[in-house]
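Examining the three-dimensional arrangement
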Amino acid sequence: MTYLSARRNHQRSVTDADALITRTRTRCDARLLDGNRVPRFIATATIAPTTSNLDYCKANGITVANAAGM
């Protein structure tokens with residue numbers, strides 16, 4: 001596991017990621033994921049998956065989960 005600050009674009013850092021676990025600031029969209037081996041799973045530690053572009057994820061076979069009720 002690698003911790004990455006949300007203050008910059010980490011497109012190169014997620015090149016080989018199988019999964020991403022995010023908080024509220026990391027946008028999981030084409031800007032971050034295009035040009036990389038796209039992860040199969042993105043989890044967000046928020047009540048709604050607002051940081052993930054759900055249409056992009058669906059089109060690329062990425063499962064998105066959130067922490068509803070937390």
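Attention here is on the structure that accompanies the text. Every value quoted in this text rests on a predicted model; they were computed, and no experiment measured them.

1. Description of the overall build of the protein
For the protein, the helix and strand inventory stands at two helices and three strands. Here the protein, with 70 residues, has 30% of them falling under the buried criterion.

2. As for the sheet that holds strand β3 (residues 63-66)
The strands making up a sheet are joined through hydrogen bonds of the backbone, oriented either antiparallel or parallel. In space, the three strands of this open sheet follow the order β1-β2-β3, with parallel pairing throughout. The strands lining the two open edges of the sheet, one partner per strand, are β1 (19-22) and β3. Going from strand to strand, the sheet's axes swing by 15° on average, the running direction of each strand aside. In this structure, strand β2 (residues 41-44) lies alongside β3, joined through four bridges in parallel fashion. Each residue of the ladder has a partner; that of Ala43, found in β3, is Ala65.

3. Quick notes on the pairing of β2
The sheet contact formed by β1 and β2 spans four bridges and is parallel. Each bridged residue has a counterpart across the sheet, and for Leu20 the counterpart in β2 is Ile42.

4. Remarks on the side chain of Asp29
By secondary structure assignment, the location of Asp29 is in the loop between β1 and α1 (30-33). Filtering out sequence-adjacent residues up to four positions away, Asp29 remains in contact with Asn53 and Tyr56.

What counts, and at which threshold
- Residues numbered from 1 in each chain as written.
- Predicted model: local features only at pLDDT ≥ 70, side-chain atom pairs only at ≥ 80, totals over all residues.
- Heavy atoms only, no water.
- Helix = DSSP H or I, 4+ residues; strand = E, 2+ residues; numbered from the N terminus.
- Buried < 20%, exposed > 50% of the residue type's maximum accessible area, 1.4 Å probe, protein only.
- Pairing = 2+ DSSP bridges.
- Axes fitted to C-alpha atoms, helices over the stretch in contact; angles between N-to-C directions.
- Contact = heavy atoms within 4.5 Å.

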